[in-house]
Amino acid sequence: MLVQNYFGLNQHKYYRCEKGKIEETYCMKFTWGSTKNKIKLIAILIGLIWFWFSLPKPLFQNPYSSILLDQNGKLLQAKIASDGQWRIKEQQEVPEKFAQAIICFEDKRFYYHPGIDPLALGRAIWLNLQHRKVLSGGSTLSMQVIRISRNKNRTIFQKLIEMILTLRLEISYSKAEILSLYANHAPFGGNVVGLQTAAWRYFGRSADQLSWGEAASLAILPNSPSLVRPDKNRTILLEKRNKLLDQMLLQGIIDKQTCDLAKQEPIPNKALPLPNHAPNLLSSIQQGLLGFQSSEPFLKTTINLNLQERVNEILERHHQQLKANGINNAAALVMDVETGNVTVYAGNVFHPNNPEIESYVDMIPAKRSPGSTLKPLLYAAMLQDGLILPKTLLVDIPTQVAGYTPQNFDLKYDGAVPADKALARSLNIPAVRMLQQYRYERFYFLLKQLGIKSLNQGANHYGLSLILGGGENSIWEISGVYASLARTLNHYAVNSGRYNPQDLSPPKVLVQTEKKKETPNLLNLQKQFYLNAGSVYNTFEAMQELVRPGEEQLWNQFISSKRIAWKTGTSFGFRDGWAIGITPKNVVCVWVGNADGEGRPGLIGVSTAAPILFDIFKLLPNTPWFNPPYDDLEYKAICRESGNSPNNFCENIDSIWCAKAKATQPICQYHQLIHTDASGKFRVSSDCESTMKMQHKSWFVLPPAMEWYYRSHDPNYKTLPPWRSDCNESNGVAPMEMIYPKKSTKIYIPVELDGSTGKCVFEVAHRNKQCKIFWHLDQAYIGTTKEFHQLGLNPSIGLHHLVLVDENGERLELSFEVLKK
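Note that the structure is predicted; figures quoted are calculated from it, not measured. (Residues numbered from 1 in each chain as written. Predicted model: local features only at pLDDT ≥ 70, side-chain atom pairs only at ≥ 80, totals over all residues. Heavy atoms only, no water.)

Here's the deal with the pattern of salt bridges
All told, the structure shown has 22 salt bridges when counted by the stated rule. Here Arg724 makes a salt bridge to Glu689, at a shortest N to O gap of 2.6 Å. Taken together, the residues Arg724 in the loop between helix H21 (704–710) and strand E20 (736–740) and Glu689 in the loop between strand E18 (671–676) and strand E19 (695–700) connect sequence positions 35 residues apart. According to the relative accessible area criterion, Glu689 is buried, its value standing at 12%. One salt-bridge network, in which partners are shared between bridges, spans Arg317, Asp615 and Lys618. (Salt bridge = Lys/Arg side-chain N within 4 Å of Asp/Glu carboxyl O. Helix = DSSP H or I, 4+ residues; strand = E, 2+ residues; numbered from the N terminus. Buried < 20%, exposed > 50% of the residue type's maximum accessible area, 1.4 Å probe, protein only.)

Below is the structure:
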């Protein structure tokens, strides 16, 4: 027999007889029965499925504002969301004060109802019917989360849908999560969305730092943000806030004293601008200008906000002085050597309302001519290879290499200068000659290995100009290289005289996942590095001897002064001024110039960037100097005059700590043994004087061109005694040397302003200043010089042969070629 149960499902009824008794049983048959029952069941299943999948994931799909935090979680910078709203990505925990205030104001039974509060809903219906208009909606915080996420016109039907979705929300989310969703997506007036945004916009601080009065004020706003907010109907907002504080007092959330104090707090007049302490950093990260890219809306950085603000003030103070000379931009980067973290990132001065300043250009990743800031790297490389010693005497005379004519900044020549002094004084000609010896191809490859990636042309494109700023580098890369070298030097003893490849790393500005610091495995360390500890130490020692600007000139007379290895740079055309400083703890790099590349007279690194550098170092703690890496140093005897290893004729011997070299280090080539008569005033030889009457002296002898300039700077330099009249031998010492042009040089004849052909100045050096020199060009006599051996010539295009003869018959010959302009 077929019957239907309560749910409309069919059952079969059976009767059976067993032992004289009739038993009635039922057997369920899963048959659909009538069509009406089928529709009911399908509708129930569809409803359940819709209910379960009705809640979108994620619940909110709005774009967020990009937020930059410092190392302690303080707000550095914010960028408005793409929809024009200030909306900060939600935080997991809602601050306790705001949570208490919003629950007291909006949903007193928040923790006890399942998303819908029947009592609040019933009260709202009765109140609305009684006044014949909508005065209360009866919405809970959970219902408001759904309403905000849907953003649709609220009809009775839509409100029923919201109630269903609210029940679904309560199934998937905890009460704390629902409260967080509300706090971070509720409107707070205008384009301010979310508690964190409102806290910064209205009170200028993070939400977890709000007072009770401020938290109560913000709890009022989402109820009617378009009608009541700090810049609109402030009196009504004040009344509502105080009423809420009274309710919180009655509920025991706050005490009487707290309530009274909170009521005394003023209501803000208007929304405040969000902090913008590092204006260029966020955009550079998003655009990938720093070698990495991130589009995350919430970024925590390594920046120290307090230090960042003070460096910004220093840049602004110097900007006010520099702009009088048409120098509009400045940037600074401060790094922690040990971690590689960037603690200050000031990409430019901040004047967004002045388009001429171009504040939007981030100068830290910008590729600019580095001037002389790479010279210390070449100095260290040559020390390591044994090509020079720290005080090796370098040539500083007019130089031309394959048509390239470098000049010192002051357009003067020393003739000869110790290597460490040449670095401290940033002399260009010694640096170019050093690079010629080291080879620019090797130096280019070394820069690439050290982390200079911005050289986007081949080595031949830059040539020897690479050492004088002929390439393009950024503050970001240069700071990273010097920080890596300082880190390597700091870790040398810890790593038992070896090198950790991980010490060579670019700067870091984003906080990464915390990792347990591990001691380097000695098996993974290297015996050699691109620049070894000894050469780096000698380089930093030389760099600290640079004369500091202004009041810093007397730094070494004060025990409390910081020892800083520093270097300046000035690009060609006075377009860029650089200063970089290194201590065992910090690296500071400063750039000054114009973002558009305009050069300005007086835009010199030592007078524009260096003062900023030392003002920043005054903010940093004083630290002990680098420990000497004795395992990579040797205590070496050197010739006092030449700075090289002494030969048999060097009399004045000094000892210094210098880097262990990979090859044999240079030996003094300037000291030689000369023979004079008994008076010591004239040179003689065995052809004109008995050896018994000779005096044998060690003499420091420079080549004529070097001597010509050197003796004017060193009053202690003694020229060779002249030959006695009855003696006529040079003893292998050349009396003349061509300064310009050199042998086989190709030259251009200059053109004057009026279009006429000018003259090229030929110059020669002679040991005897009073000696006459007779000039012959292509076998034709062209003139005589005395004392100042210069002659202006205008040879024709093609090959020429120049012969110089002094009054003693000494000859100097060379060939050169004049090229067509």
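Some details on the state of the cysteines
Two cysteines form a disulfide when their sulfur atoms are joined by a covalent bond. In the structure shown here, the tally under the stated rule is 1 disulfide. Two residues share a disulfide in this structure: Cys688 and Cys727, whose sulfurs sit 1.5 Å from each other. Disulfide Cys688 to Cys727: torsion about the S-S bond roughly 100°, handedness right-handed. Taken together, the residues Cys688 in the loop between E18 and E19 and Cys727 in the loop between H21 and E20 connect sequence positions 39 residues apart. Neither residue differs from the other here; Cys688 and Cys727 are each classed as buried. With no disulfide partner, Cys668 has as its closest neighbouring cysteine sulfur the one in Cys650, 3.6 Å distant. (Disulfide = S-S within 2.5 Å.)

What to know about empty space enclosed by the protein
The final tally for this structure, using the stated rule, is 3 cavities of 30 Å³ or more. In this structure, the largest cavity encloses a volume near 70 Å³. Lining the largest cavity are Lys375, Leu378, Tyr379, Leu394, Ala419, Ala422, Leu423, Leu427, Pro430, Ala431 and Met434. Its residues assigned to classes, the lining of the largest cavity comprises 10 nonpolar, no polar and 1 charged. Taken as a whole, the second largest cavity holds about 50 Å³ of empty space. Lining the second largest cavity, in full, are Lys562, Arg563, Thr583, Phe617, Leu620, Pro621, Asn622 and Thr623. Class assignment for the residues of the lining of the second largest cavity results in 3 nonpolar, 3 polar and 2 charged. (1 Å grid on protein atoms, 1.4 Å probe; cavity = no way out; pocket = protein on both sides within 12 Å on 5 of 7 lines; lining within 4 Å. Points joined across faces, edges and corners; volume = space filled by probe spheres on them. Nonpolar A, V, L, I, M, F, W, Y, C, P; charged D, E, K, R; others polar.)

Some remarks on the pairing of strand E15 (residues 586–593)
A regular strand carries its side chains on alternate faces of the sheet. Taking burial as the measure, the 8 residues of E15 include 8 buried ones, the bulk of the element. Relative to E15, strand E9 (residues 329–336) is paired through 8 bridges, and the arrangement is antiparallel. From the neighbouring strand, Met335 faces E15, where its bridge partner is Val587. Here strand E14 (residues 576–582) pairs with E15 via 7 bridges, running antiparallel. Bridge pairing in E15 links Ile582 to Val587. (Pairing = 2+ DSSP bridges.)

Description of the packing of helix H4 (residues 141–150) against helix H6 (residues 175–185)
At a minimum axis separation of 9 Å, H4 and H6 run at an interaxial angle of 50°. It follows from the interaxial angle that H4 and H6 lie oblique. Viewed along their axes, H4 and H6 form a crossing whose handedness is left-handed. Counting all contacts with H4, which are made through Leu141, Ser142, Gln144, Val145 and Ile148, the residues of H6 involved are Lys175, Ile178, Leu179, Leu181, Tyr182 and His185. When grouped by side-chain class, the residues that make up the contact of H4 with H6 number 7 nonpolar, 3 polar and 1 charged. (Axes fitted to C-alpha atoms, helices over the stretch in contact; angles between N-to-C directions. Parallel < 35°, antiparallel > 145°, perpendicular 65-115°, else oblique. Left-handed = near helix turned anticlockwise from the far one by under 90°. Contact = heavy atoms within 4.5 Å.)

Looking at the packing of helix H9 (residues 234–250) against helix H10 (residues 256–263)
The N-to-C vectors of H9 and H10 enclose an angle of 175°; their axes lie 10 Å apart at closest approach. Relative to H10, the element H9 is oriented roughly antiparallel. Residues Arg241, Asn242, Leu245, Asp246 and Leu249 of H9 form the contact with H10, whose participating residues are Lys256, Cys259, Ala262 and Lys263. Split by residue class, the contact of H9 with H10 holds 4 nonpolar, 1 polar and 4 charged.

Notes on the sheet that holds E14
Strand order in the open sheet formed by 5 strands is E10-E9-E15-E14-E13, and the pairing between neighbours is antiparallel. Two strands close off the open sheet at either side, each with one partner strand: strand E10 (342–346) and strand E13 (565–570). On average, each strand axis in the sheet is tilted by 10° relative to the strand beside it, whichever way the strands run. Where E13 and E14 come together, 6 bridges link them in antiparallel fashion. Bridge pairing links Lys567 to Ile580 in E14. Strand contacts of helix H12 (residues 305–322): E9, E10 and E15, with the helix running at about 35° to E10, the strand carrying the most contacts. Packed onto the sheet, helix H20 (residues 605–617) meets E9, E13, E14 and E15 and runs at close to 35° relative to E14.

A look at a nonpolar patch on the surface
Together, Leu41, Ile44, Leu45 and Leu48 make up a nonpolar patch on the protein surface, roughly 360 Å² of accessible area in all. With respect to the element layout, Leu41 can be found in helix H1 (residues 35–53). (Patch = residues over 30% accessible without salt bridge, like charges linked within 9 Å, V, L, I, M, F, W, Y side chains within 5 Å. Areas by Shrake-Rupley, 256 points an atom, 1.4 Å probe, with all protein chains shown as cover.)

Things to note about the sheet that holds strand E8 (residues 298–300)
Ordered in space as E5-E4-E8, the 3 strands form an open sheet in which the pairing is mixed. Only two strands of the sheet have a single neighbouring strand rather than two, namely strand E5 (75–79) and E8. Ignoring which end each strand starts from, the neighbouring axes of this sheet average 15° apart. For strand E4 (residues 66–69) and E5, the ladder comprises 4 bridges, and the chain directions are antiparallel. Bridge pairing in E5 places Leu68 opposite Gln77.

Some thoughts on the packing of aromatic side chains
Across all of its chains, the model carries 18 aromatic pairs by this definition. Ring geometry for Tyr499 against Phe529: centres 5.6 Å apart, planes inclined by 15°, an arrangement best described as stacked. You can see Tyr499 sitting in the loop between helix H18 (475–491) and helix H19 (533–543) and its partner Phe529 sitting in the loop between H18 and H19, a full 30 residues away along the chain. In this pair, the class of Tyr499 matches that of Phe529, namely buried. Taking 6.0 Å as the distance between ring centres and 80° as the angle between the ring planes, the aromatic pair formed by Phe700 and Tyr717 counts as edge-to-face. You can see Phe700 sitting in strand E19 and its partner Tyr717 sitting in the loop between H21 and E20, a full 17 residues away along the chain. As far as burial versus exposure is concerned, Phe700 and Tyr717 are alike and both buried. The structure contains a cluster of three or more aromatic residues connected by ring pairs, namely Tyr492, Tyr499, Phe529 and Tyr530. Over the ring of Phe110 we find Lys175; its NZ or CZ atom is 4.7 Å from the centre of that ring. Across from the ring centre of Tyr438, 4.0 Å away, lies the NZ or CZ of Arg442, which sits over that ring. (Phe/Tyr/Trp six-rings, centres within 6.5 Å; stacked < 30°, edge-to-face > 60°. Lys NZ or Arg CZ within 6 Å of the ring centre and 35° of its normal.)

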